[in-house]
Every structure is written in structure tokens, then in C-alpha cells.
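Next come the chains, spelled out residue by residue.
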Amino acid sequence: MAFLRRRKGREPEIKEIVEQQSEDEQQKGKAREKEKEEIKSSRSRTKWSCIDSCCWFIGYIVVMWWLLMVLYNALPSSLPQYVTERITGPLPDAPGVKLKKEGLKVHHPVVFVPGIVTGGLELWEGHPCADGLFRKRLWGGTFGEVYKRPLCWVEHMSLDNETGLDPPGIRVRPVSGLVAADYFAPGYFVWAVLIANLAQIGYEEKTMYMAAYDWRISFQNTEVRDQTLSRLKSTIELMVKTNDGRKVVVIPHSMGVLYFLHFMKWVEAPAPRGGGGGPDWCANHIKAVMNIGGPFFGVPKAVTGLFSAEAKDVAVARAVAPGVVDNEVFGRHTLQHVMRMTRTWDSTMSMIPKGGETIWGDLDWSPEEGYDCNPGRDGHNEVHDSTNSSIERQNSGRKPLAHYGRIMSFGKDAAGVPSSELVMRDYKATSENNSLIKSNVSCGDIWTEYHEMSWGSIKAIAEHKVYTAGTVLDLLHYVAPKMMQRGDAHFSYGIADNLDDTKYEHHKYWSNPLETKLPNAPDMEIFSLYGVGIPTERSYVYKLSPTGDTCYIPFQIDSSAEGGDAGNCLKGGVYLAEGDETVPALSAGYMCAKGWRGQTRFNPSGMATYIREYLHAPPANFLEGRGTQSGAHVDIMGNFALIEDVIRVAAGAKGKDIGGDQVYSDIFKWSEKINLKL
């Protein structure tokens, strides 16, 4: 009984202990739950994503770049040169330094004429999407707006599809001064190296002038809209007057070569269609024209750019990552946006191949037939002249490695078979009553003229199989009639029968060297300076594109087409020939090798012409940057040998003083194969 009384007396105490234990268990449970939640939360916070990777990668690049810049600025300025010389040996003096030691000084004022895409363009008036961009570069510089607002950028870089001039409410104008084209983008020089070397012997802005122009519009329209030709004329006259009557040395590059050909005819033509300078203006104001990488006869890649918004590099990228090229950059339809924009640029039509089959070849013949793309071939190790062309590389009876005259072929087989085996459908005879690709197709702002063609017409173009430099013009008129209508008003691509015919007084002939005469200036000199030793786009293998998208470009380069034989020049759907990677040597060299050589109907005063070829040598290591012996189309602007030639002529030398012709290619042999009345 006593035990029961004691137990009964302790029951409240036991109950309290049990409750306390239960409460402790609940708190521990809550603590465990809280700990689990914290662990879960921590894990969710540390979960990695693609965005994290991108941010960390960008941050890493920025930090590393910042550290490298700090180190670069903290180290002695001579250290980079010291490291380079320890690896490559002593560096040669820059041409300007070398020639300054020889005593060369400023003599003739110089005028630079930039080519297509290398000159900066800035915004002066735009639509609301371009707020904050007044006088900011839309072309050149960092190209930041391409990434920030790509569709707005395309809208402002495009011209009016009817007039080829400014669209309503938009004004984009060329940047002025030497900065217009010294660098294309930060660190990527165009004219900067040449300018710096000229400065070494005393040149400055009063003796150098960058003839910047809007390279998108037709040559004559640069005068209509901006009076660019008139300002160039006045500037040259002022430079001659303020430099004791010394004539200018003009240095055009790429499409600037064609632009200056147009200028030389415009400046002597009577006003108002010309500058009214009279027949002796060029003779009185120009000492020499040193054309760099001049596409005198155009370039085949201009055709593919207009036909399918492609060239070799784009075709390769399209094959490797079709989604990126076709869809991603501008949200959708990247190439369509590029085509819509570039087809409004009339200047691109100035570089469609000129001279037809006479110059570029036909179905079975071309001047460069037998060219061997094998890098180990002989012939580039010696300099040739007009009487000593390089050895004949084509053995008799050997099958041609490429039918270069077939600028566009649908299918690899069509590119190689004899013309007698070709079965070509007449695409112009195709009924236009075929149903449209999609009758209610609506492609909005990415309209191209392909959307007005029937599927039957598109198939017929492919079934025609082969197009030469003559028939490709008809093809472009067929697939892009509105674009070519504008082009026909400003450019011509034929060969003149009678240069005295008054029709050739029209400005559309002035940029075609085969339809116009050089000025009557016997003391003037014409140079053609260009790179060789780089396989260059010459003709293409095409195929039909997939038809799944209603707003598509129906044709594309067949990047799967490859040549199998040693020395075969077919690479990724592109047949390659001699050139500077952009302009075939045939286009850059023929006029100075033969067409203008001596007194011809194209050069009635017999002014002297010279060819200076520069054999391409890639940089030995990354410390050389883009190299000092490059023959590439733009990189040649940093070629020490070319810069030295230019400076010597600017300082007073004549063509014969710098060695006359310097030729590594077969340009003289190819020129002799062209049957052109001179």
C-alpha cells in the first residue's frame, strides 16, 4: 500500500517527464526538418546551369583580359619586341623607318580610296528603335548594335528597294577623316599600317586624305546624294595647289579601284552629268594610281552573294552548324535577313563578273585551265616577266582539273562532264502558272524576290545545270528582276565594240575597264598590286535547299562536293584558283598585263602600266599577328614589300625605279589566252 501511495504520488512527476521528453522529440524533429530544408535549399542554390557557365566564362575572359592589360601596361614597352625577337630572330625595320634612313621624304600627296565594307558608317537620323545612336557607328568599330538590336540594325543598314537610296526617316552616312577606314574593328587594321609608315617619312593629314564614301550605294549616287565625287575633285585640286603643284598618288583598294575608275571618267565629263574638269584634268592632277587588290573584272563570289547570300566561308558554316547560320542570329532566317539587306546595296552589283565568256571562259574553256591547287606545285618560287611566263603545267591530253568557265553548276557531275553530255533545261520557258511555293506566304520584313517565284521555276533553274559568266547575268535578272533593274541603271558588264560610240558617255559604263578608256595622260602610271599564292573562289557547285520553310532561299552551295584527285581544286563545293582569297589573279591582273599594256584602244595615250604581285607567306607564329608578308585581300595592307613600293612611288619614284613588273603567277600566259580586240 505504501508502494502504491508512493507511485500514485509520483504520477504527476512522471507525466511531466514524459511530456518534456515528447516536447524534446518534437523540437528535435523540427530541427531535423529545418536542417533538411536548409540542405535542400543549399543544394538548389548550388545547382549549375548554362547561364551560370556563360556568366562565369565571360567573367573569366574579362578578368584575364584586364589582368593582361595591366601586365602589358606595367611592363617595359620594349618587352614584347624583345620576346618576339628571342623567338623569331631580329625583326626587320618597318618600311617607313627603313626608307627614312635612306633619306626619303614627303613628296606627292596621297589619296586613299577604301573598298566595300571597310569604311565606317554612322547614324544621323533613324527610327525610334535606334534612339541613343546619333552619330554612333552602325558599321565598323565594335558592331555592338548587331548584338543588342539586330533587326533594328538591319533596318537601318538597308537602303530603299526601289531607289537604292535612303529609306524614309533614315540617314546613314560615311565617317570622315583617316579614322573612317584605318581600322575596321578594334585591333583589325585596314589602312592604319600604311598610314603609320607614311607618317614615318613626314606625311600627315594635310598630305594624306581618306576619300570616304557610302560604299552601299551606286557610284553615281554618291554624287547625287552626298556630292562625294565633287568633294574628292576639290580636295585633290587643293592638295596639288598647297603642295607646290605636285600631283597626287591615288591608292584605291578593292571596290575602291572601280570607284576611282568611275571618278576618272566623271571628273573629265562635262557638267552636269560629270565634274566638268576637262580632258586634261587627270593628266594635271594625278601622278600615279596604285590599285591594291583591284577586282577590275569583278569577282565570282559577288554572284553567290546575290544569288544565295553565300560564299565559301558561309557555306562551310552552314554545313557545320545550319541552325546557327539559318536561324539564330536575328531570331529566325539569318541568311534571308542578310539577303534582304545586301540586295538593297547597289554597289555589290558593280562586282558581278564583267566581260562574259571572253574573259571568264565558257562551258569547256577558261584562261586558267590546268591550274594545280597542290601547294607543292612549282612555279611560285621564281619571278616571271611578260616574256618569261611560268612553265606550262598542263600536260597534253590531261583531263582539266576544273571547268572554271562554269561559274555555277548544279551538282558535281554537271561541273565536270563534257559539254556534249550536258542536258540543260530552258528555265525561262517554264510555265509561270505553276502553283506558288505557298499561295498565302507571308514573310514580313524578310521578303526576297524568291517568294514571287513558282516551285516549278525554281526546279527549272537547277535543271538548267550550268551557268557561265554570260548566262549568269540572265539568271540574276530572272531571280531578282527588281534588284537588277536598279543595277542596270548604274553598271554594265559587257565589252565595247566601239569606244567612240556616244552611248559609252553614260555613267553606267565608267567603272567597267572593258567599256571605257583611260584618261589622256601619257605621264600617268597605273599599277596593279595584289597577292597571289592563296586558293581563291572561282566557281561553285550548287544544290536545291530543303523546302520545309516557307520563307527560305531555295539554293545553296553544296559543301559536300569535294575533289578526290591530287591537285583538284574543288573544296567544299567551291572550285579554287590563283588569287588573294577574294579576287582571282585574272581579274586583278589582266588589264595591266595586257588590256592597258602599251597603246591600246582602252589606253589610247599609252600610259605605263605595271604589275606587282606579292607572294603570300603566312605569319610564322601568333606574335606576328596577321603577318608582314601576307597576300590576303585585306591583310596585304600590312605587307611590308607593298608598303615600301607605295612609299617609294609617293616619294617620287617611277614604276621602273621600283623594279617594274614583279610576277609569280601565270597572269601573262592567261592573258594571252584571252581573245580580246585591243
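Residues numbered from 1 in each chain as written. Predicted model: local features only at pLDDT ≥ 70, side-chain atom pairs only at ≥ 80, totals over all residues. Heavy atoms only, no water.

Structural notes on the nonpolar core
Stated formally: Nonpolar core, defined: a set of buried Ala, Val, Leu, Ile, Met, Phe, Trp, Tyr and Cys residues in which side-chain atoms within 4.5 Å join the residues together. Only protein chains enter the accessibility calculation, which uses a 1.4 Å probe; a residue whose area is less than 20% of its type maximum is buried, one above 50% is exposed, and one in between is partly exposed. By definition in these notes, contact holds between two residues if any of their heavy atoms fall within 4.5 Å.
Counting residues in hydrophobic clusters, the biggest one holds 135 residues, and the most contacted among them are Ile 286, Phe 307, Met 408 and Ile 461. For Ile 461, the residues in contact, after removing those within four places along its chain, are Phe 307, Phe 410, Tyr 427, Met 453, Tyr 467, Leu 475, Tyr 478, Val 479 and Phe 555. In this structure, Ala 180, Val 249, Tyr 610 and Val 646 belong to the second largest nonpolar core, which totals 39 residues.

Comments concerning the confidence of the model for the chain
Spelled out, the test is: Known as pLDDT, the predictor's confidence for each residue is given on a scale from 0 to 100.
With 77% of its residues at a pLDDT of 70 or more, the chain has an overall mean of 84. Confidence drops under pLDDT 50 across residues 388-398; counting only partners more than four residues distant or on other chains, this segment forms 17 contacts.

Observations regarding the state of the cysteines
Counted only if it meets this: A pair of cysteine sulfur atoms is labelled a disulfide when the two atoms are within 2.5 Å. Secondary structure elements are taken from DSSP: a helix is a run of H or I of four residues or more, a strand is a run of E of two residues or more, and numbering for both begins at the N terminus.
The final tally for this structure, using the stated rule, is one disulfide. Through a disulfide, Cys 129 is tied to Cys 152; the S-S separation comes to 2.1 Å. Around the S-S axis, the bridge from Cys 129 to Cys 152 shows a dihedral of about 80 degrees and counts as right-handed. In this pair, Cys 129 sits in the loop between β2 (121-125) and β3 (137-139) while Cys 152 sits in helix α6 (residues 150-157), placing the two residues 23 residues apart along the sequence.

Here's the deal with the packing of aromatic side chains
What counts, and what does not: A pair of aromatic rings is counted whenever rings of Phe, Tyr or Trp (Trp by its six-membered ring) have centres within 6.5 Å, and the orientation is called stacked for planes under 30 degrees apart, edge-to-face for over 60 and tilted otherwise. A ring is scored as having a charge over it whenever the NZ atom of a lysine or the CZ atom of an arginine sits within 6 Å of its centre and within 35 degrees of its normal.
For the structure on display, the rule yields 26 aromatic pairs. Consider the rings of Trp 124 and Phe 134, whose centres lie 5.5 Å apart with planes at 85 degrees: the pair is edge-to-face. Here Trp 124 is found in strand β2, whereas its partner Phe 134 is found in the loop between β2 and β3, with ten residues between them in sequence. When its relative accessible area of 51% is taken as the criterion, Phe 134 is described as exposed. Ring geometry for Phe 527 against Tyr 610: centres 5.3 Å apart, planes inclined by 25 degrees, an arrangement best described as stacked. Residue Phe 527 is located in strand β12 (residues 525-532), and its partner Tyr 610 is located in strand β17 (residues 608-615); the two are separated by 83 residues in the primary sequence. For Phe 527, a relative accessible area of 0% puts it in the buried group. Every member of this aromatic cluster is reached through a ring pair, and the members are Phe 307, Phe 410, Tyr 427, Tyr 467, Tyr 478, Tyr 542 and Phe 555. For the cation-ring pair, Arg 626 lies above Tyr 188, with the distance from its terminal atom to the ring centre recorded as 3.7 Å. We note Arg 626 situated over the ring of Phe 189; from NZ or CZ to the ring centre the distance is 3.8 Å.

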